Amino acid sequence: MRIDERIARHHGSLSPQERKAAATLLEHLDDLATYRAAELAALAGVSKATMSRLFRSLGFADFDEVREHLRALRSAGEPRRVDGSPDLAVHAAAEGDAIARAVHQPALREAARVLGSARRLLVVGWRNSHPVALHLRQQLVQARPAVALAPLPGQVMGEELADLGPGDGVVVLGFRRRPRGFAELLDAARATGAAVVLVADPTALPLAERVDVWVECPVQSGLAFDSYAAAMSVVSVLADAVLSARGRPARDRVGAISRTYDLLGEVEG
């Protein structure tokens with residue numbers, strides 16, 4: 001149970017001083033782990049002993065256990081700061097390492113083969129994965145025809161899968177805090193006979209056996225929110241590989257699209 005849920009459940013049994021302390025915890029929930037227990041007690045205007053009693057009342061042995069609880073929430077994708085103000089140089093270096101790991105994995109070659117050779121391709125992404133899916137579709141449609149995005153606003157997935165079959169492909173972006181039914185979607189996509197590629201962070205590893213190609217892509221950073229720098233780099237690598245593999249037809253398609261842009265005046269020169 002999350003710490004705010006524990007406070008709500010136990011609030012009626014807390015002493016007035018413990019309630020003051022609990023109010024301070026709730027007020028600083030987004031950056032709670034960046035404080036020391038004594039600092040929180042001072043902010044609340046209560047004694048350190050009162051703050052310690054509150055932690056025990058909430059089911060934590062001490063403030064170190066509270067920090068571990070908050071880190072677990074962050075690892076599950078909940079936005080919060082757990083290690084103080086970020087060192088942006090360290091963050092940038094970690095991003096570089098994450099990108100390097102993501103773009104050098106052998107699975108990308110097989111994923112690119114599916115994305116380039118499928119008769120029809122469906123790109124799927126919900127929530128934070130949707131912008132990555134949207135970008136992947138936008139890149140791929142430059143290099144090949146018959147690339148669809150799902151789900152569209154107001155739509156569900158059943159009708160999107162109904163027309164798929166052997167020779168088609170589905171690439172699913174599944175970064176953490178995935179919606180309910182995500183695993184069932186993978187099963188349904190694979191049941192069509194289409195080749196299924198899953199691009200997701202390491203929390204999706206248990207789902208790898210449900211797909212044909214598993215591409216692992218880290219998103220965690222030292223910031224409060226997940227970083228999708230590695231995911232966008234993977235998109236670029238995949239799209240580049242598809243463009244190269246399709247050769248002359250892809251280059252002709254790029255030229256035709258650019259001429260249409262000019263004809264309609266849709267982009268700046």
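Residues numbered from 1 in each chain as written. Predicted model: local features only at pLDDT ≥ 70, side-chain atom pairs only at ≥ 80, totals over all residues. Heavy atoms only, no water.

You'll find the protein entered in an unreviewed UniProt entry as SIS domain-containing protein, with Nocardioides marmotae given as the organism.

Engineer: Break down the overall build of the protein for me, citing the residues and quoting the values.
Structural biologist: In terms of helices and strands, the protein carries 11 helices and five strands. The globule rule puts the C-alpha radius of gyration for 269 residues at 18 Å, and the 24 Å found for the protein is more than 25% above it. When its C-alpha atoms are laid out on the principal axes, the protein stretches across 75 × 40 × 35 Å. A total of 269 residues make up the protein; the buried ones form 45% of that total. Of the roughly 13700 Å² that the protein leaves accessible, carbon and sulfur atoms contribute 54%. Side-chain charges of the protein comprise 33 positive and 33 negative groups, with the mean position of each set lying 1 Å from the other. (Helix = DSSP H or I, 4+ residues; strand = E, 2+ residues; numbered from the N terminus. Rg over C-alpha atoms; globule rule 2.2 N^0.38 Å. Buried < 20%, exposed > 50% of the residue type's maximum accessible area, 1.4 Å probe, protein only. Areas by Shrake-Rupley, 256 points an atom, 1.4 Å probe, with all protein chains shown as cover. Lys, Arg positive; Asp, Glu negative; His and termini not counted. Charge placed at Lys NZ, Arg CZ, Asp CG, Glu CD.)

Engineer: Tell me about the pattern of salt bridges, residues and numbers included.
Structural biologist: If you walk through the whole model with that rule in mind, you get 12 salt bridges. Linking Arg176 and Asp226 is a salt bridge whose minimum nitrogen-to-oxygen distance equals 2.6 Å. With Arg176 in the loop between strand E3 (169–173) and helix H10 (182–191) and Asp226 in the loop between strand E5 (213–216) and helix H11 (229–264), the pair connects residues that are 50 residues apart, well separated along the chain. The same class applies to Arg176 and to Asp226, which are both buried. One salt-bridge network, in which partners are shared between bridges, spans Arg119, Arg120 and Asp168. (Salt bridge = Lys/Arg side-chain N within 4 Å of Asp/Glu carboxyl O.)

Engineer: Outline the packing of helix H7 (residues 107–117) against H11, supporting the account with residue identities and numerical values.
Structural biologist: It is the contact of H7 with H11, at a shortest axis distance of 9 Å, that shows an interaxial angle of 55°. If you check the angle between H7 and H11, you find them oblique. Of the two elements, H7 crosses H11, and the hand of that crossing is right-handed. Taken together, the residues of H11 that come into contact with H7 (itself represented by Leu108, Ala111, Ala112, Leu115 and Gly116) are Val234, Val237, Leu238, Ala241, Val242 and Arg246. (Axes fitted to C-alpha atoms, helices over the stretch in contact; angles between N-to-C directions. Parallel < 35°, antiparallel > 145°, perpendicular 65-115°, else oblique. Left-handed = near helix turned anticlockwise from the far one by under 90°. Contact = heavy atoms within 4.5 Å.)

Engineer: Pulling in residues and values, what's your account of the environment of Cys217?
Structural biologist: Relative to the assigned elements, Cys217 resides in the loop between E5 and H11. Looking at Cys217, the relative accessible area reads 0%, which means it is buried. In this structure, the C-alpha to C-alpha distance between Cys217 and Arg177, residues 40 residues apart in sequence, is 15 Å. Aside from chain neighbours lying at most four places away, what touches Cys217 is Ala102, Phe175, Val199, Ala200, Asp201, Pro202, Ala230, Ala231 and Val234.

Engineer: Tell me what's going on with the environment of Ala250, and back it up with residues and numbers.
Structural biologist: By the secondary structure assignment, Ala250 is in helix H11. Taking the C-alpha atoms as reference points, Ala250 and Arg144, 106 residues apart in sequence, are found 6.1 Å from one another. Not counting chain neighbours up to four residues away, the residues in contact with Ala250 comprise Gln142, Ala143 and Leu243.

Engineer: I'd like a rundown of the packing of aromatic side chains, residues and numbers included.
Structural biologist: The final tally for this structure, using the stated rule, is three aromatic pairs. Measuring from centroid to centroid gives 5.3 Å for Phe55 and Phe63, while their planes differ by 15°, and the two rings are stacked. Phe63 matches Phe55 in its accessibility class, with the two residues each being buried. With a centroid separation of 6.1 Å and an interplanar angle of 70°, the aromatic rings of Trp126 and Phe182 are classed as edge-to-face. (Phe/Tyr/Trp six-rings, centres within 6.5 Å; stacked < 30°, edge-to-face > 60°.)

Engineer: Provide a residue-level description of empty space enclosed by the protein, including the pertinent values.
Structural biologist: The full count for this structure, using the stated rule, is one cavity of 30 Å³ or more. Considering only enclosed or pocket space, the largest cavity measures out at about 40 Å³ in volume. Lining the largest cavity are Trp126, Arg127, Asn128, Ser129, Leu173, Gly174, Phe175, Arg176, Arg177, Arg178, Pro179 and Phe182. (1 Å grid on protein atoms, 1.4 Å probe; cavity = no way out; pocket = protein on both sides within 12 Å on 5 of 7 lines; lining within 4 Å. Points joined across faces, edges and corners; volume = space filled by probe spheres on them.)

Engineer: Now, about the pairing of strand E1 (residues 121–125): what can you tell me, with residues and values included?
Structural biologist: Of all five residues in E1, five are buried; the element is thus mostly enclosed. Alternating residues of E1 divide into Leu121, Val123 and Gly125 and Leu122 and Val124, and every residue in both groups is buried. The sheet contact formed by E1 and strand E2 (residues 147–150) spans four bridges and is parallel. Bridge pairing in E2 places Leu121 opposite Val147. Since E1 and E2 lie parallel, the crossover through helix H8 (residues 129–143) that links them has a hand, and here it is right-handed. The pairing of E1 with E3 spans five bridges and is classified as parallel. Bridging across to E3, Val124 finds its partner in Val172. (Pairing = 2+ DSSP bridges. Right-handed = clockwise from strand over helix to strand, strands pointing away.)

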